[in-house]
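Each chain is listed here by its residues.
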Amino acid sequence: MSLVTTSHRGEAATASPRWGRRQRIGLAFTVPSLAFVGAVMAYPLFYLAYLSFHTYRPLTSNDVTWAGLANYLKLFTDSAVAKSLGVTLQFTIASVAIEIVVGTGCAILLANVMLGARGPFSRLASRLLGSAYIVPFAVPAVAGAFAWRMLLDAQFGPLNAALGTTTAWLVEYPMASIVIIDAWKMMPFVTFVMLAAVMSIEPSQYEAAALDGAGALRQLVSITIPSILPIMVITAAFRAVDAFTKVFDTVFATTGGGPGDDTRVFPLLIWRTAFTHLDFGAASAQAVAALVISLGFGAALLLSQRRNAA
Amino acid sequence: MSTLRMSLSYPARKRWGTAMSAAALTAIALVMLTPMLWMAFASVKLDADLFTRTPLRWPDELTGDHYANLFTQFHFGSSFVNSLVIATTTVLLSVVLGGLAAYGFARYPWRGSGTALGFLMVARMVTPAALVVPLYVIMQTFGLLNSVTGVIVGVTVLNLPFVIWILKPFFETVPKEVEEAAELDGLSPFSVFFRIVLPLATPGIMTAVLYSFLAGWTDLLFPMTFITDSEVMPLTSSLLQMQTGYKIYWGELMAGGIVLTLPAVILCFALQRYLLRGLRTGY
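Right, let's get into the overall build of chain B. For chain B, the helix and strand inventory stands at 15 helices and zero strands. Each of the three principal axes of chain B carries a C-alpha extent, and together these read 75 × 75 × 35 Å. Evaluated residue by residue, chain B yields a buried proportion of 49% over its 283 residues. Of all intrachain contacts in chain B linking residues separated by at least 6 positions in sequence, the fraction that spans at least 24 positions is 76%.

Right, dumping it as structure tokens:
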């Protein structure tokens, strides 16, 4: 750090201590990716910030005109924004809570079966069982969404037929519906992450507890849960950032954000403002708000994780 | 019940617990599989059996008409090809760019590479819907709307940080001595990477290939925003075409959902090992 003076000229000709051969090789390896991300993500995001201070409505005019803070003020005056943030928060908390609780429960059961499986037949059965949990994760979100729409259909859906009702689930319980569909899709992810955590617990701990007369419930509360709790918390936090920032396909293809704007999650609000109402300025300000929230939370998460690891 | 359990020996109790767990898991697994199984079932029903208030009844006759209609009325042939093009190009771009970068970050750190890596990690958390707004205007300027290029670029940039994150630990586990020996033999760092390190990191590469393919194959946001010409659409946004203002083509929608799903599910099962590895290291 103290030998900074020689830096710029010396670097190409001779191997200066700061930009040695290895460092230049490292740069050569990483520059293509950084340039790509710079051109297709960083530059567009700067352009997004620029647009957020301008009016651009392609429907009425192709001009981009200065708008000052008008688009940002709209974030606070437009009731759709506050409503959408609330809806997204509700969705995130509910779906992540279900995924973590049910997903971890399945992981503990799955570990139990896998460790208890004896003989080739039961080992095969336990593998097949595990595989079934992969399916929703592998299914493209749009396809899953349309499958659920059929399942929940008021007139022709099998759920209503089985219950003997004609409930329009997506209209009467829109939030519960999208939460369940998302939980269905993402629970396998939690299950497999937590399965790895459960499987890594030393079996001797359970044997010692069993010798002391601890039952299954006691073992669960005093060995399993405390061992996996840190991973559970991290998984929940990452899932929450993911749910908050990326929920789109499932909602778009089922409720479409409705009825009214009851399930218009934030990414959907941005998209609608830009591509349905063709108000790119307002959409850009909304997008900036979304980025501030998700990147702020995400950066805090990465930093706290790094501190824990160090 | 509890007296029964208390009277059993420890191994017997354990077996009983395993059996109960298996039963509960089987029940949940059936629930997890129901939506897609129903989609497959609905896709081969006649319209008369599809639009009935007794959907649970097993139909007298099954049909492949909805699948045939996909290709005759809903340009699914070209959509399938477009999806393949988008997914495979995403794989190539992500793995080549991401592989090089991950290796650079793992083996040749430079001043500021830690910060660069940090930014790439934060880039994973960018809301796709926020990126698509300015990218749309940019693509319009470059005349890249209604082409798969715009979609590939958008999907790849969101996928790339994830690939780097997955691959970096794999390259760190390749023994340094192998590379040093190769460099002494006169190989350039790039040939060392392509000829020696890549083959050693095959499990990591397979994981990156699988996730990149899924990212390209399943993406809906970019194609539905960028592409209005049905000949250029991939399967995901073609599906949306089946719900028009006045009619939803349910049979075709179910069949199309299966066509979109099958390749992804088959690939995930074939590469199950890598799928699980990615779940653990990728997040």
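There is more to say, and it comes next.
Moving on to the overall build of chain A. For chain A, the count of helices and strands is 15 helices and two strands. In terms of overall dimensions, chain A is more spread out than a globule: its C-alpha atoms have a radius of gyration of 26 Å, far above the 19 Å expected for 310 residues. Taking the principal axes of the C-alpha coordinates as reference, chain A spans close to 70 × 65 × 30 Å. For chain A, restricting intrachain contacts to residue pairs at least 6 apart in sequence, the fraction spanning at least 24 positions comes to 70%.

Each side of the interface is counted separately: chain A has 80 residues, and chain B has 83 residues. It is helix α2 (residues 21-52) of chain A that contributes the most residues to the side of chain A that touches chain B, 19 residues altogether. Taken together, the residues of the side of chain A that touches chain B sort by class into 62 nonpolar, 14 polar and four charged.

Turning our attention to the nonpolar core. Ranked by internal contacts, the top residues of the largest apolar core, which has 169 residues, are Phe146, Met194, Ile270 and Ala287 of chain A together with Ala130, Val133 and Ile164 of chain B. For this core, the element with the highest residue contribution is helix α8 (residues 148-173) of chain B, accounting for 16 residues. Each of two domains, domain 1 (1-43) and domain 2 (66-282) of chain B, supplies a minimum of three residues to this core. Setting aside chain neighbours within four positions, we find Met194 of chain A in contact with Gly103, Thr104, Ala107, Ile228, Ile231, Met232 and Thr235 of chain A.

The next point concerns the domain arrangement of chain B. Residues and elements named next belong to chain B. One can read the domain layout of chain B as domain 1 (1-43) and domain 2 (66-282). Just the C-alpha atoms count here: the centres of domain 1 and domain 2 sit 36 Å apart. When grouped by side-chain class, the residues that make up the side of domain 1 that touches domain 2 number four nonpolar, one polar and no charged.

What follows is about the packing of helix α10 (residues 174-199) of chain A against helix α12 (residues 216-246) of chain A. All names here are of chain A. Two elements in contact, α10 and α12, have axes whose closest approach is 10 Å; the angle formed by their N-to-C orientations is 145°. The way α10 lies across α12 gives a crossing that is right-handed. Listed contacts from α12 to Asp182, Met186, Val190, Val193, Met194, Ala197 and Val198 of α10 are Thr224, Ile228, Ile231, Met232, Thr235, Arg239 and Ala243. Taken together, the residues of the contact of α10 with α12 break down into ten nonpolar, two polar and two charged.

What follows covers helix α5 (residues 119-132) of chain A. Residues and elements named next belong to chain A. Under the 1.5 Å per step criterion, the end-to-end length of α5 is 20 Å for 14 residues, consistent within 8% with the ideal 20 Å. Buried residues of α5: Ser126, Leu129 and Gly130, and no others. Here the buried residues of α5 occupy an arc of 100° about the axis, which is enough to place them on one side. Across α5 from its buried face, at more than 90 degrees, point the exposed residues Pro120, Phe121, Leu124, Arg127 and Leu128.

Residue and element names in this part refer to chain A. Tracing the backbone shows Trp19 in the loop between α1 (7-13) and α2. By the C-beta count within 10 Å, which is 19 here, Trp19 ends up partly exposed. Along the primary structure Trp19 and Ala94 are separated by 75 residues, whereas in three dimensions their C-alpha atoms are 50 Å apart.

Residue and element names in this part refer to chain A. Between its first and last C-alpha atoms α10 spans 37 Å; for 26 residues at 1.5 Å apiece the expected length is 38 Å, and the two agree. Of all the bends in α10, the greatest, near 40°, is centred on Met186, and the proline Pro188 appears no more than four residues after it. Counting buried positions over the 26 residues of α10 gives 21, a clear majority of the element.

This part is about the confidence of the model for chain B. All names here are of chain B. Taken over all residues, the pLDDT of chain B has a mean of 89, while the share at 70 or more is 95%. The least confident element of chain B is helix α1 (residues 2-7), whose mean pLDDT is 52; the most confident is helix α12 (residues 221-226), at 96. At the level of chain-chain contacts, confidence expressed as ipTM amounts to 0.91, with global pTM at 0.90.

Residues and elements named next belong to chain B. Taken N-terminus to C-terminus, the directions of helix α5 (residues 76-107) and α8 make an angle of 40°; their axes are 6 Å apart at the nearest point. Accordingly, the angle class assigned to the pair α5 and α8 is oblique. Between α5 and α8 lies a crossing whose hand is right-handed. Per-class residue counts for the contact of α5 with α8 are 19 nonpolar, eight polar and three charged.

Turning to the environment of Met242 of chain B, a few remarks are in order. Residue and element names in this part refer to chain B. Secondary-structure assignment places Met242 in the loop between α13 (235-240) and α14 (250-270). What makes Met242 buried here is the crowd of 22 C-beta atoms within 10 Å. Remark: the alpha-carbon pair of Met242 and Leu70, spanning 172 residues in sequence, is separated by 9.7 Å. Beyond its immediate stretch of four places on either side in the chain, Met242 contacts Phe74, Ile248, Tyr249, Glu252, Leu253 and Gly256.

Let us now look at the confidence of the model for chain A. All names here are of chain A. Averaged over all residues, the pLDDT of chain A is 87; the fraction at 70 or higher stands at 93%. Taking the mean pLDDT of every element in chain A, the minimum, 40, falls on α1 and the maximum, 96, on helix α7 (residues 141-151). Predicted confidence is poor over residues 1-16, with pLDDT under 50, and the contacts of this stretch with residues over four places away or in other chains come to nine contacts.

Residues and elements named next belong to chain B. Secondary-structure assignment places Asp47 in helix α3 (residues 47-50). The exposure class assigned to Asp47 is partly exposed, which follows from the 13 C-beta atoms found within 10 Å. Sequence-wise, Asp47 and Tyr249 are 202 residues apart; in three dimensions their C-alpha atoms are separated by 9.8 Å.

Each neighbour pair has its own omega, and for Gly258 of chain A with Pro259 of chain A the value is -5°, a cis peptide bond. Tracing the backbone shows Pro259 of chain A in the loop between α13 (249-253) and α14 (266-275). For His75 of chain B, which is not a glycine, the phi torsion comes out positive at approximately 40°. Within the fold, His75 of chain B resides in the loop between α4 (65-73) and α5. Among the residues examined, His75 of chain B registers 17 C-beta atoms within 10 Å and is labelled partly exposed. Look at Asn146 of chain B: it is not a glycine, yet its phi comes out positive at around 60°.

What counts, and at which threshold
Residues numbered from 1 in each chain as written. Chains lettered and ligands numbered in written order. Predicted model: local features only at pLDDT ≥ 70, side-chain atom pairs only at ≥ 80, totals over all residues. Helix = DSSP H or I, 4+ residues; strand = E, 2+ residues; numbered from the N terminus. Buried ≥ 20, exposed ≤ 12 C-beta atoms within 10 Å, placed from the backbone. Contact = placed C-beta atoms within 7 Å. Rg over C-alpha atoms; globule rule 2.2 N^0.38 Å. Nonpolar A, V, L, I, M, F, W, Y, C, P; charged D, E, K, R; others polar. Core = buried A, V, L, I, M, F, W, Y, C linked by C-beta atoms within 7 Å. Domains from an automatic or database assignment. Axes fitted to C-alpha atoms, helices over the stretch in contact; angles between N-to-C directions. Left-handed = near helix turned anticlockwise from the far one by under 90°. Expected span 1.5 Å × (residues − 1). Arc of directions from axis to C-beta. Bend = angle between axes of the 7 residues up to and from the residue. pLDDT = per-residue confidence, 0-100. Parallel < 35°, antiparallel > 145°, perpendicular 65-115°, else oblique.

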